[in-house]
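Close look at the chain arrangement
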Amino acid sequence: MEKIAIRMHVDQDLCISCGACIGICPDVFDWNDDEKAQVTVDPIPEDLEDDALEAQESCPTEAIIDKE
Ligand code: SF4
């Protein structure tokens, strides 16, 4: 069975710009012009999934949302 790729996005209203996600997984998360975090790859490459999930779990405001 084919594996379903993980996709995420950052809820801009919930992000408090703490930088945790970017610190843990800078290949997936980066700052945008509003100084909030954003997801820079969609879908997330398989070799970055573990780090991206760790970043998601580390977000203090649960701003990193699974994308349908
Ligand atoms: Fe924003 Fe959450 Fe990333 Fe912190 S960990 S910068 S609150 S998305």
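Residues numbered from 1 in each chain as written. Predicted model: local features only at pLDDT ≥ 70, side-chain atom pairs only at ≥ 80, totals over all residues. Heavy atoms only, no water.

Remarks on unusual backbone geometry
Stated formally: Numbered from the N terminus, helices here are DSSP runs of H or I no shorter than four residues, and strands are runs of E no shorter than two.
Of note, the amide linkage connecting D42 to P43 takes the cis form, showing an omega dihedral of 0°. Residue placement: P43 occurs in the loop between β3 (37-39) and α2 (49-58). Although it is not a glycine, E35 sits at a positive phi angle of roughly 60°. Along the chain, E35 falls in the loop between β2 (29-31) and β3. Of note, E62 is a non-glycine position whose phi angle comes to about 55°, a positive value. One can find E62 in the loop between α2 and β4 (64-66).

Describing the pattern of salt bridges
Selection criterion: The rule for a salt bridge is simple: a side-chain nitrogen of Lys or Arg has to be within 4 Å of a carboxyl oxygen of Asp or Glu. Each residue is assigned to one of three classes by its accessible area relative to the maximum for its type, calculated with a 1.4 Å probe on protein chains only: buried under 20%, partly exposed between the two thresholds, exposed over 50%.
Counted according to the given criterion, the structure contains two salt bridges. The residue R7 makes a salt bridge to D42 at a minimum N-O spacing of 2.8 Å. Of the two residues, R7 is situated in the segment before β1 (8-10) and D42 in the loop between β3 and α2; the sequence distance between them amounts to 35 residues. Note on R7: relative accessible area 31%, which makes it partly exposed. For D42, a relative accessible area of 38% translates into the label partly exposed. K67 serves as the salt-bridge partner of D42, at 3.0 Å between the closest nitrogen and oxygen.

Quick word on the nonpolar core
Put simply, the test is: Only buried residues count toward a nonpolar core, which is a set of Ala, Val, Leu, Ile, Met, Phe, Trp, Tyr and Cys residues joined through side-chain atoms within 4.5 Å. Pairs of residues are marked as contacts when any of their non-hydrogen atoms sit within 4.5 Å.
M8, V10, V28 and F29 are the most contacted members of the largest nonpolar core, which totals 18 residues. Within the residue set of this core, elements represented by two or more residues are β1, α1 (20-24), β3 and α2. Among all residues touching V10, those that are not within four sequence positions of it are C15, F29, A37, Q38, V39, A63 and I64.

Shape descriptors only; they carry no functional weight alone.
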